Amino acid sequence: MNEGHLRYLASPEWAETLRRDLLPWLTRVVDLGDDVLEIGPGPGLTTDLLRERVLTVTAVELDASLAAALAERLAGTGTRVLHADATATDLPANRFSTVTAFSMLHHMPSPDHQDRLFAEVCRMLRPGGTFVGVDGKDVPRIRDAHVGDVFVPVDPDRLAARLVAAGLSNATIEDGEIQFRFTARKDAQ
């Protein structure tokens, strides 16, 4: 992630945007349950929002320095931070009530990696659990913020089919001007 992008994701402005825009939507669309997995927390401002609302949060971060910094900042809070590849976590199957992915899918190196993540999310969700997230669209404003970053945008028009192919169902996509939001469920068995 480029330095400007990383600074913004750790800023008070971003924290306020999350509280003002993400949190009301999240509260409206999902009951987070008791055991949440966050994929790609970066500096962890979204992790902070989740920690305020659920009993157990596990955050999986691929970047070693971001994972270490987040683990240090959250030491003693009961939040578990793992430095791992979210496409192959070795976390238990059928464990999490909700899995979240906030503005991180486009940082994955290929659509194949994204699809592997979707399958891993399905494996880790408990039956009846929800996968919920937000991601940036391929528009100039978002693309410009990612100069020097990995930027593989997800096509919101194809996302529902990709989530279903990974084993999820009831996918909903809310398409906006610069971002889209999504939910999908793992069928109760």
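An account of the accompanying structure is given in this report.

Conventions used here
- Residues numbered from 1 in each chain as written.
- Predicted model: local features only at pLDDT ≥ 70, side-chain atom pairs only at ≥ 80, totals over all residues.
- Heavy atoms only, no water.
- Phe/Tyr/Trp six-rings, centres within 6.5 Å; stacked < 30°, edge-to-face > 60°.
- Helix = DSSP H or I, 4+ residues; strand = E, 2+ residues; numbered from the N terminus.
- Buried < 20%, exposed > 50% of the residue type's maximum accessible area, 1.4 Å probe, protein only.
- Salt bridge = Lys/Arg side-chain N within 4 Å of Asp/Glu carboxyl O.

**Considering the packing of aromatic side chains**
With the rule as written, the count across this model stands at four aromatic pairs. Between F131 and F182 the ring centres are 5.0 Å apart and the planes differ by 70°, which places this aromatic pair in the edge-to-face class. With F131 in strand β5 (residues 125-136) and F182 in strand β7 (residues 179-185), this pair connects stretches of sequence that are 51 residues apart. F182 carries the same exposure label as F131, and that label is buried. By the ring-pair criterion, three or more aromatic residues cluster together here, those being F118, F131, F180 and F182.

**Side note on the pattern of salt bridges**
In the structure shown here, the tally under the stated rule is 13 salt bridges. A salt bridge links R73 to D48, with the nearest nitrogen and oxygen atoms 3.1 Å apart. Pair noted here: R73 is in helix α4 (residues 64-73) and D48 is in helix α3 (residues 45-51), with a separation of 25 residues, a long-range link. Given a relative accessible area of 14%, D48 falls into the buried group. In this structure, the salt-bridge partner of D175 is K137, at a minimum N-O distance of 2.9 Å. Highlighted residues: D175 in strand β6 (residues 169-175) and K137 in the loop between β5 and α6 (140-145), separated in sequence by 38 residues. When its relative accessible area of 17% is taken as the criterion, K137 is described as buried. Look at the salt bridges and you will find they share partners, linking R19, E52 and R53 into a network.

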